[in-house]
Amino acid sequence: MHEFDEEIDSLAAKILDYSLIRLKTDPPLDHPWSYEELCEEVGETITESGLGGEKALQLFKDVLAPACISTDHPRYLAFIPSAPTESANLFDLVVGASALYGGSWLEGAGAVFAENQALKWISDLAGLPEGSGGTFVQGGTIGNLSALVTARHDAKSKHPEIEKWIIACSTEAHSSIKSAAEVMDVEILTIATDESNRLLGKKVAQAIDEFHLENPKKRVFAIVATAGTTNLGVIDEIAEIANVARELGIWFHVDGAYGLAALASERTKPLFRGVEKADSLIVDPHKWLFAPFDACALIYRNPEIARRVHTQSAGYLEALERGEWNPSDYAIHLTRRARGLPFWFSLAAHGTKKYAKAMDKTMDVAQAAAVLIKAHPNLELLMEPTLSIVAFTRKGWKLDDYKAWSEKLLGDQVAFVTPSFHRGEPLLRFAIVNPWTSIEDIKMILERL
Ligand SMILES: Cc1ncc(COP(=O)(O)O)c(C=O)c1O
């Protein structure tokens with residue numbers, strides 16, 4: 001198993017060949033297969049003596065891969081798609097082949113150095129001060145949780161009398177904030193957004209003041225602003241919320257898993273005014289920064305606070321305590337893949353300007369899609385897109401109509417667009433993060449409405 005013999009040599013050629021074909025050709029949309037279909041077509045793959053690499057690869061090529069929707073297909077517009085650059089995908093192969101350990105400087109100095117440059121690019125775009133830093137974690141969920149755990153630790157040391165800790169965020173905040181609250185056994189103070197679905201600074205100040213007055217034993221330890229909501233792409237009033245957080249001495253976290261990527265474009269950068277005041281922020285390169293799954297950049301204004309919270313200690317880990325930058329020390333993880341490297345490689349290879357250009361392209365398509373929707377006799381645009389998410393409704397449709405349409409759309413292998421909800425009402429949304437998505441793709445979908 002551990003020898004690069006003739007059999008492996010031939011398998012290597014086949015695997016690389018398959019990978020290159022996947023990279024060079026337009027991805028098929030594909031669709032999920034039922035459990036029964038997969039049992040029938042794949043059968044039992046884990047056997048005592050093994051299927052052999054060729055057979056296992058063939059099963060993957062013929063059945064398992066086509067049973068997965070290609071998230072980089074230009075008409076995959078559901079949830080938040082992915083659109084890794086060719087270089088980022090290629091470098092993912094290198095990371096996979098290299099047994100790099102990305103948890104500590106001792107073991108992975110070169111990888112950590114490169115990842116940190118990519119983090120610094122984001123940190124500088126946000127306007128965070130020199131000395132800010134963090135790590136790449138698996139995804140926005142873990143990024144948010146790690147930041148909030150750090151925030152609570154910081155608050156606890158300042159307010160030992162408090163019995164229950166609270167996160168303040170908007171009704172539109174991502175579900176991962178609720179998940180973090182559950183994991184941390186803290187509560188959430190949900191604050192309503194205005195009619196344009198933004199969380200406003202004055203609403204935050206008012207809600208927290210009232211809450212603290214009524215609950216003297218409870219205290220808000222973190223205010224979360226969303227920089228690009230998942231559903232509608234709305235950016236909260238970041239600067240005003242940051243000021244409130246500063247005045248109240250509360251940690252300010254910006255969840256920019258999807259939207260903060262648009263800091264890279266001069267067009268949209270001003271929309272994030274105030275993010276430079278964040279105590280922590282996240283952005284997922286696997287969403288709109290053209291990196292493969294799974295990479296979330298988690299950055300702290302003062303990483304030392306996070307280091308004190310997250311560093312794991314054990315006798316066998318003492319060898320790592322050398323005063324160097326250990327990515328493991330800044331989040332809830334220990335062993336880690338150098339998952340920021342595909343992003344770093346692509347950024348280093350292409351330069352940052354091309355990132356802005358590719359991003360602008362997706363936003364142009366989103367704007368053009370909004371124009372088409374407004375002109376469409378059956379459709380109503382929910383709101384003008386702020387970034388690259390376009391949400392709309394189909395006149396007269398109920399949830400079942402949306403569901404049936406969406407299933408047929410995928411069944412006919414046209415596109416993957418799923419219904420969502422806003423304020424209890426069903427809608428459709430296009431999340432456009434792929435520079436390959438063209439207005440022709442959008443037209444093709446709208447014709448079916
Ligand atoms: C705003 C926001 N925050 C957090 C997340 C969670 O990120 P992940 O799916 O990488 O855990 C998402 C995912 O879509 C998101 O849009």
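Student: How would you sum up helix 1 (residues 6–24)? Please name residues and give values.
Tutor: Look at helix 1: 27 Å from first C-alpha to last across 19 residues, which is about the 27 Å you get at 1.5 Å a residue. Counting buried positions over the 19 residues of helix 1 gives zero, only a small fraction of the element.

Student: So what's going on with the sheet that holds strand 1 (residues 133–137)? Residues and values would help.
Tutor: Picture the strands of a sheet paired through backbone hydrogen bonds; they go either parallel or antiparallel. Strand order across the open sheet formed by seven strands is 1-7-6-5-4-2-3, with mixed pairing between neighbours. The open sheet is flanked by strand 1 and strand 3 (187–191), the only strands paired with a single partner. Each strand of the sheet is rotated relative to its neighbour by a mean of 20°, with strand direction disregarded. Pairing geometry for strand 2 (residues 164–170) and strand 4 (residues 218–226), over five bridges, is parallel. Bridge pairing links K164 to K218 in strand 4.

Student: Please set out the environment of F113 residue by residue, giving values where relevant.
Tutor: Mapped onto the elements of the fold, F113 is located in helix 5 (residues 105–126). C-alpha of F113 to C-alpha of W325: the two residues are 212 residues apart in sequence and 8.9 Å apart in space.

Student: Got a sec to walk through the packing of helix 6 (residues 140–158) against helix 11 (residues 303–310)? Specific residues and values, please.
Tutor: The packing of two helices is summarised by the inter-axis angle and the distance between the axes. Two elements in contact, helix 6 and helix 11, have axes separated by 9 Å at closest approach and are oriented at 95°. Between helix 6 and helix 11, the angle falls in the class roughly perpendicular. Judged by residue contacts, S146, V149, T150, H153 and D154 of helix 6 engage I305, A306, V309 and H310 from helix 11. When its residues are assigned to classes, the contact of helix 6 with helix 11 shows four nonpolar, four polar and one charged.

Student: I'd love a proper account of the sheet that holds strand 9 (residues 389–394), names of residues and values included.
Tutor: In spatial order, the strands read 8-9-11-10; together these four strands make up an open sheet with antiparallel pairing. Every interior strand has two partners, whereas the edge strands, strand 8 (379–381) and strand 10 (419–422), have only one. If you compare each strand with its neighbour and ignore which way they point, the axes differ by 45° on average. With three bridges connecting them, strand 8 and strand 9 associate as antiparallel partners.

Student: Outline the site of the ligand, supporting the account with residue identities and numerical values.
Tutor: Around the ligand lies a shell of 14 residues, among which G139, G140, T141, T230 and A257 are the nearest. No other element matches helix 6, which puts three residues into the shell around the ligand. Tallied by class, the residues present in the shell around the ligand amount to four nonpolar, eight polar and two charged.

Student: Which residues make up unusual backbone geometry, and what values do they have?
Tutor: For the bond running from F293 to D294, omega is -5°, close enough to zero to count as cis. The residue D294 is located in the loop between helix 10 (285–288) and strand 7 (296–300) in this model. Phi at D30 is positive, roughly 60°, even though this residue is not glycine. Along the polypeptide, D30 turns up in the loop between helix 1 and helix 2 (35–42). Positive phi values are uncommon outside glycine, yet N197 reaches one of about 70°. Mapped onto the elements, N197 comes out in the loop between strand 3 and helix 8 (201–214). The buried category is assigned to N197, around which 24 C-beta atoms lie within 10 Å.

Student: Talk me through the environment of R198; I want residue IDs and the actual numbers.
Tutor: Relative to the elements of secondary structure, R198 occurs in the loop between strand 3 and helix 8. By the C-beta count within 10 Å, which is 23 here, R198 ends up buried. Discounting chain neighbours no more than four positions away, the residues touching R198 are T193, V234, I235, D236 and E237.

Student: Lay out helix 14 (residues 399–411) in plain terms, naming residues and giving numbers.
Tutor: The terminal C-alpha atoms of helix 14, which comprises 13 residues, lie 18 Å apart, in line with the 18 Å expected from a rise of 1.5 Å per residue. Along helix 14, the residues classified as buried are Y402, L409 and L410. Down the axis of helix 14, the buried side of the element spans an arc of 90°, and every buried residue falls inside it. Residues D400, A404, E407, K408 and G411 are exposed on helix 14 and point more than 90 degrees away from its buried face. Against strand 10 and strand 11 (425–431) lie the buried residues of helix 14. Where helix 14 terminates, the next one or two residues include Q413, which has phi positive at roughly 60°.

Analysis parameters
Residues numbered from 1 in each chain as written. Predicted model: local features only at pLDDT ≥ 70, side-chain atom pairs only at ≥ 80, totals over all residues. Helix = DSSP H or I, 4+ residues; strand = E, 2+ residues; numbered from the N terminus. Expected span 1.5 Å × (residues − 1). Buried ≥ 20, exposed ≤ 12 C-beta atoms within 10 Å, placed from the backbone. Pairing = 2+ DSSP bridges. Axes fitted to C-alpha atoms, helices over the stretch in contact; angles between N-to-C directions. Parallel < 35°, antiparallel > 145°, perpendicular 65-115°, else oblique. Contact = placed C-beta atoms within 7 Å. Nonpolar A, V, L, I, M, F, W, Y, C, P; charged D, E, K, R; others polar. Near = placed C-beta within 6 Å. Arc of directions from axis to C-beta.

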